[in-house]
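What follows is each chain in one-letter form.
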Amino acid sequence: MSRTESFAGEALQVVRGTRSGVAIAVAIHSTARGPAIGGCRIKPYPSWRDGVDDALRLSAAMTTKCALAGLPYGGGKTVAALPAEGLDPARRPDLIADIAEAIAALGGRYRTGPDIGSTSQDMADIHRLAHGWAFCRPEEQGGSGTSSAATARGVLAALRAGVAPRSVAGLRVGVLGFGSVGRLICESLLEQGADVVVTDVDSGLRPVAEQLGATWTEADLVREPLDVLVPAATGGLLTVESAAGCGASLIVGPANNQLVAEEVAMVLRDRGITWIPDVVASAGGIIHAVGREALGMDEAAANAKIDAIADTTAAVLSLARERGLTTVRAARELAPPA
Ligand code: PHE
């Protein structure tokens with residue numbers, strides 16, 4: 001079947017870094033609301049083309065994320081597609097310089113931030129090399145720091161709205177991915193009296209999880225009977241097949257692009273599983289960074305805006321219910337037009 005697919009974004013720049021040799025894609029999906037913004041993902045891909053595809057998909061999600069959060073930014077994303085064997089750590093400064101050069105070449109149409117594989121320190125380097133077009137430098141260097149705590153706060157707000165009128169206490173929650181955000185979510189859920197089951201590809205994290213009071217499992221959490229499943233690892237977790245076998249009632253987490261394709265949202269809806277779209281639940285990090293660094297908010301104002309993700313979630317869920325839409329369709333309908 002051949003069907004012409006038109007380019008939905010504004011611009012796509014792919015360069016081979018002159019210093020590192022790594023393929024770097026910067027996708028600008030939309031600048032209608034303001035400069036495009038989106039994190040810098042650095043990880044191995046089977047092919048550089050997969051990295052380009054990821055940048056395109058993730059940049060589109062950022063447009064909806066910023067619009068729903070009411071931020072004066074559009075969507076973009078950087079992907080540095082490493083070879084399967086990864087990058088020699090000694091070459092990392094070269095790669096960061098190449099990424100900064102690629103971002104600088106866009107003349108301010110795109111701003112970056114941390115994402116999988118990039119750190120606050122990388123943002124400080126990119127900020128210095130690319131006209132200040134990077135969010136989330138370390139606080140001691142004038143930035144708003146890592147966005148992990150803010151991202152976790154936003155997910156918890158969405159989760160509360162998703163389980164309401166019940167409280168989190170006593171719920172069985174599975175957290176898939178024990179990275180910086182997953183861990184903060186676990187801690188908070190445990191404090192609130194949830195029964196938390198955790199898994200991560202890195203089983204070396206087990207002792208830390210158990211020390212917090214979580215139960216470690218090697219089982220496939222997607223299939224486990226759970227009140228809430230929290231995807232907190234890389235995206236693409238939910239396929240038509242995994243959604244058909246999913247044992248959770250509610251899915252809400254910080255991972256970007258949780259569904260491999262939008263049809264998965266229909267499988268979830270038809271099975272009565274509530275999925276809070278990642279573009280709603282994962283906005284805490286960007287709200288905090290932009291609020292603190294660009295919109296002049298103090299910590300309390302930024303936190304209040306992050307907590308308002310609960311209201312956005314409730315609005316998305318009720319629109320989806322009323323109109324029989326998937327939650328992701330409902331989220332797009334609620335996003336103010338650019
Ligand atoms: N990784 C973040 C996200 O997907 C990107 C980001 C965070 C960009 C903070 C800028 C500032 O939302």
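Conventions we followed
- Residues numbered from 1 in each chain as written.
- Predicted model: local features only at pLDDT ≥ 70, side-chain atom pairs only at ≥ 80, totals over all residues.
- Heavy atoms only, no water.
- Phe/Tyr/Trp six-rings, centres within 6.5 Å; stacked < 30°, edge-to-face > 60°.
- Helix = DSSP H or I, 4+ residues; strand = E, 2+ residues; numbered from the N terminus.
- Buried < 20%, exposed > 50% of the residue type's maximum accessible area, 1.4 Å probe, protein only.
- Lys NZ or Arg CZ within 6 Å of the ring centre and 35° of its normal.
- Pairing = 2+ DSSP bridges.
- Right-handed = clockwise from strand over helix to strand, strands pointing away.
- Near = heavy atom within 4 Å.
- Polar contact = N/O pair within 3.5 Å; in protein donor to acceptor, adjacent residues only side chain to side chain.
- Axes fitted to C-alpha atoms, helices over the stretch in contact; angles between N-to-C directions.
- Parallel < 35°, antiparallel > 145°, perpendicular 65-115°, else oblique.
- Left-handed = near helix turned anticlockwise from the far one by under 90°.
- Contact = heavy atoms within 4.5 Å.
- Domains from an automatic or database assignment.
- Buried area = accessible area lost by both parts, 1.4 Å probe.
- Salt bridge = Lys/Arg side-chain N within 4 Å of Asp/Glu carboxyl O.
- Nonpolar A, V, L, I, M, F, W, Y, C, P; charged D, E, K, R; others polar.

**As for the packing of aromatic side chains**
And step 1. This model, assessed by the stated rule, comprises one aromatic pair.
And step 2. Ring centres 6.1 Å apart and planes at 85° place the aromatic pair Tyr73 and Phe135 in the edge-to-face group. With Tyr73 in the loop between α1 (48-68) and β4 (74-82) and Phe135 in the loop between α3 (120-129) and α4 (148-163), this pair connects stretches of sequence that are 62 residues apart. Of the two residues, Tyr73 and Phe135, both sit in the buried class.
And step 3. Positioned above the aromatic ring of Tyr45 is the side chain of Lys43, whose terminal nitrogen or guanidinium carbon lies 4.4 Å from the ring centre.

**Here's the deal with unusual backbone geometry**
And step 1. With omega at 5°, the peptide bond leading from Ala164 into Pro165 counts as cis.
And step 2. With respect to the element layout, Pro165 can be found in the loop between α4 and β6 (172-176).
And step 3. With phi around 55°, His131 is a residue other than glycine that occupies positive phi space.
And step 4. For His131, the position within the fold is in the loop between α3 and α4.
And step 5. Given the relative accessible area of 59%, His131 is considered exposed.
And step 6. A positive phi angle, near 70°, is found at Cys136, a position not held by glycine.
And step 7. Taking relative accessible area as the criterion, Cys136 reaches 3% and is therefore assigned buried.

**A short note on the pairing of β4**
And step 1. Counting buried positions along β4 yields nine of nine residues, so the element is predominantly enclosed.
And step 2. Here β4 shows no split at all, with Gly74, Gly76, Thr78, Ala80 and Leu82 on one side and Gly75, Lys77, Val79 and Ala81 on the other all buried.
And step 3. Here strand β2 (residues 23-28) pairs with β4 via six bridges, running antiparallel. What sits directly across from Ala27, in β4, is Lys77.
And step 4. Summarising the sheet, strand β3 (residues 36-44) and β4 pair through seven bridges and their orientation is parallel. Of the residues in β4, the one forming a bridge with Ile42 is Ala80.
And step 5. With α1 bridging β3 and its parallel neighbour β4, the resulting β-α-β unit is right-handed.

**Focus: the sheet that holds strand β10 (residues 248-251)**
And step 1. Within the open sheet, the six strands sit side by side as β8-β7-β6-β9-β10-β11. Their pairing is parallel. Two strands close off the open sheet at either side, each with one partner strand: β8 (215-216) and β11 (274-275).
And step 2. Where β6 meets strand β9 (residues 226-231), four bridges bridge the pair, whose relative direction is parallel. Bridge assignment links Val175 to a residue of β9, and that residue is Val230.

**With respect to the site of the ligand**
And step 1. Around the ligand, the structure places 14 residues, and the nearest of them are Lys65, Lys77, Pro114, Asp115 and Asn256.
And step 2. A distance of 3.4 Å separates an oxygen atom of the ligand from a polar atom in the side chain of Lys77.
And step 3. Contacts to the ligand include Asn256, whose side-chain N or O atom sits 3.2 Å from an oxygen atom.
And step 4. Looking at the shell around the ligand, the elements with two or more residues in it are β3, α1, β5 (110-114) and α10 (284-293).

**Focus on the packing of α4 against α10**
When two helices pack together, their arrangement is captured by the angle between the axes and the distance separating the axes.
And step 1. The N-to-C vectors of α4 and α10 enclose an angle of 130°; their axes lie 6 Å apart at closest approach. When the axis of α4 is compared with that of α10, the two are oblique. By crossing handedness, the relation of α4 to α10 is classed as right-handed. Side by side, α4 and α10 meet where Ala150, Thr151 and Gly154 of the first sit next to Gly284, Gly285 and His288 of the second.

**Observations regarding the pairing of β3**
And step 1. Counting buried positions along β3 yields seven of nine residues, so the element is predominantly enclosed.
And step 2. Bridge count for β3 against β5 is five bridges, and the pairing is parallel. By the bridge assignment for β5, Gly38 is matched with Thr112.

**Some remarks on the domain arrangement of the protein**
And step 1. When cut into domains, the protein gives domain 1 (2-61 + 72-137) and domain 2 (148-282 + 310-334).
And step 2. Distance between the C-alpha centres of domain 1 and domain 2: 26 Å.
And step 3. Each partner contributes to the interface: domain 1 provides eight residues, whereas domain 2 provides four residues.
And step 4. Buried surface at the junction of domain 1 and domain 2, both sides included, amounts to about 450 Å², of which 53% is carbon and sulfur.
And step 5. Between domain 1 and domain 2 we count zero salt bridges in total.
And step 6. Between the two partners, domain 1 and domain 2, sit zero residue pairs in polar contact (both at pLDDT 80 or more).
And step 7. Among the secondary structure elements, those contributing two or more residues to the side of domain 1 that touches domain 2 are β3 and α1.
And step 8. Here the residues of the side of domain 1 that touches domain 2 are counted per class, giving three nonpolar, no polar and five charged.

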